[in-house]
Amino acid sequence: MTHASTILPSPPAQPSDRRGTPAEQLVQAFVDRGFSHFTGVPCSLLKGVFRVLEEDGAAPGRDLSYLPAPREDSALGVASGLAAAGARPVVLMQNSGLGYSLNVLTSLNLIYDLHVPLIVSWRGHDGDDAVEHDVIGRELTSLLDVFGLRHTVFVPEQPYASVDRCLAKAEDGRYTPVLLVKEGI
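Since the model is a prediction, treat every value here as computed from it, not as a measurement. Within each chain, residue numbers correspond to sequence positions counted from 1 in written order. Local features are withheld for residues below a pLDDT of 70 in this predicted model, meaning they are given only at 70 or higher, and side-chain atom pairs are given and counted only at 80 or more; totals for whole chains, interfaces and linings count all residues. To get the side-chain values, all heavy atoms of the structure are used, and hydrogens and water are removed first.

This part covers the sheet that holds strand β4 (residues 118-121). The six strands lie next to each other as β2-β1-β3-β4-β6-β5, forming an open sheet whose pairing is parallel. The outermost strands of the open sheet, each flanked by one partner alone, are β2 (65-68) and β5 (150-153). The mean angle between the axes of side-by-side strands here comes to 25 degrees, regardless of whether they run parallel or antiparallel. Should DSSP find at least two bridges between two strands, the strands are taken to pair. The helix and strand labels rest on DSSP assignments: H or I over at least four residues marks a helix, E over at least two residues marks a strand, and numbering proceeds from the N terminus. In the sheet, strand β1 (residues 37-40) pairs with β2 via four bridges, with the strands oriented parallel. Its bridge partner lying in β2, phenylalanine 38 is registered against tyrosine 66. Across the sheet, helix α3 (residues 72-84) lies against β1, β2, β3 (89-94) and β4, angled at about 170 degrees from β3, the strand it touches most. Relative to the sheet, helix α5 (residues 134-146) contacts β5 and β6 (177-181), its axis offset from that of β6 by approximately 175 degrees. For every element, the axis is a line fit to its C-alpha atoms; helices are fit only across the contacting stretch, and the angle between N-to-C directions ranges from 0 to 180 degrees. The contact definition used throughout considers only heavy atoms, calling two residues in contact when any of these lie within 4.5 Å.

Turning to the packing of α3 against helix α4 (residues 95-109), a few remarks are in order. Taken N-terminus to C-terminus, the directions of α3 and α4 make an angle of 35 degrees; their axes are 7 Å apart at the nearest point. You can see that α3 and α4 cross each other, and the crossing is right-handed. Side by side, α3 and α4 meet where Glu72, Asp73, Leu76, Gly77 and Ser80 of the first sit next to Gly97, Tyr100, Ser101, Val104, Leu105, Leu108 and Asn109 of the second. Classifying every residue of the contact of α3 with α4 gives five nonpolar, five polar and two charged. By definition, any crossing whose near helix is turned counterclockwise from its far helix by less than a right angle is left-handed, and any crossing with a clockwise turn is right-handed. In the scheme used here, Gly and all other residues not listed as nonpolar or charged are polar, with Ala, Val, Leu, Ile, Met, Phe, Trp, Tyr, Cys and Pro taken as nonpolar and Asp, Glu, Lys and Arg as charged.

Let us look at the packing of aromatic side chains. Pairing of aromatic side chains requires ring centres within 6.5 Å, counting the rings of Phe and Tyr and the six-membered ring of Trp. Pairs whose planes differ by under 30 degrees are stacked, by over 60 edge-to-face, and all others tilted. Under the defined criterion, the tally for this structure stands at three aromatic pairs. With a centroid separation of 5.5 Å and an interplanar angle of 80 degrees, the aromatic rings of phenylalanine 30 and phenylalanine 35 are classed as edge-to-face. The residues phenylalanine 30 and phenylalanine 35 share a single accessibility class, namely buried. Seen from their ring centres, phenylalanine 50 and tyrosine 66 are 5.9 Å apart, and the 70 degrees between their planes marks the pair as edge-to-face. In this pair, phenylalanine 50 sits in helix α2 (residues 47-57) while tyrosine 66 sits in strand β2, placing the two residues 16 residues apart along the sequence. Each residue in the set Phe30, Phe35 and Phe38 is aromatic and connected to the rest through ring pairs, giving one cluster. Here arginine 150 stacks its cationic end above the ring of tyrosine 175, 3.5 Å away from the centre of that ring. The classification of residues rests on relative accessible area computed with a 1.4 Å probe and restricted to protein chains. Under 20% of the type maximum is buried, over 50% is exposed, and intermediate values are partly exposed. Only Lys NZ and Arg CZ are tested; either one counts as a charge over a ring when it is within 6 Å of the ring centre and within 35 degrees of the ring normal.

Printed below as a string of structure tokens:
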């Protein structure tokens, strides 16, 4: 079961005068690339994104759906089912929730080529966060590398380019791309 075509379609033309907050642009960048379903567990660094999803996901005629999840591994399970059914989902989570998701990633997504993009907040990346984020923050990129999860750091001034760089790492659906968000958006 290969879903190579589910990750990276041809990028649309990008006007140079993008408007809106980085969170709005981040969501729109995924929507413009054909992603329609978003699921995940809120995090303070991603609160702007969740706000956009809650408002736009409920708007009539909007081509996106937001499905809140109680845990990160549940969000990944929902997204995996959507991907297997032909939808184009994106999962949002805090980096500490990645630990909950490793079993789903290794026993479902990675072995059955269900590579859905992950947007992961990078709590503790600079050692200046709550103490419970220190270890995962310090070791996050190493953990992603161990599991072959290809990562890109989100640049708030370049949301569309950040999404494109992230999705390019999927190499046409052969890898799970991860967009790391360091700053609150």
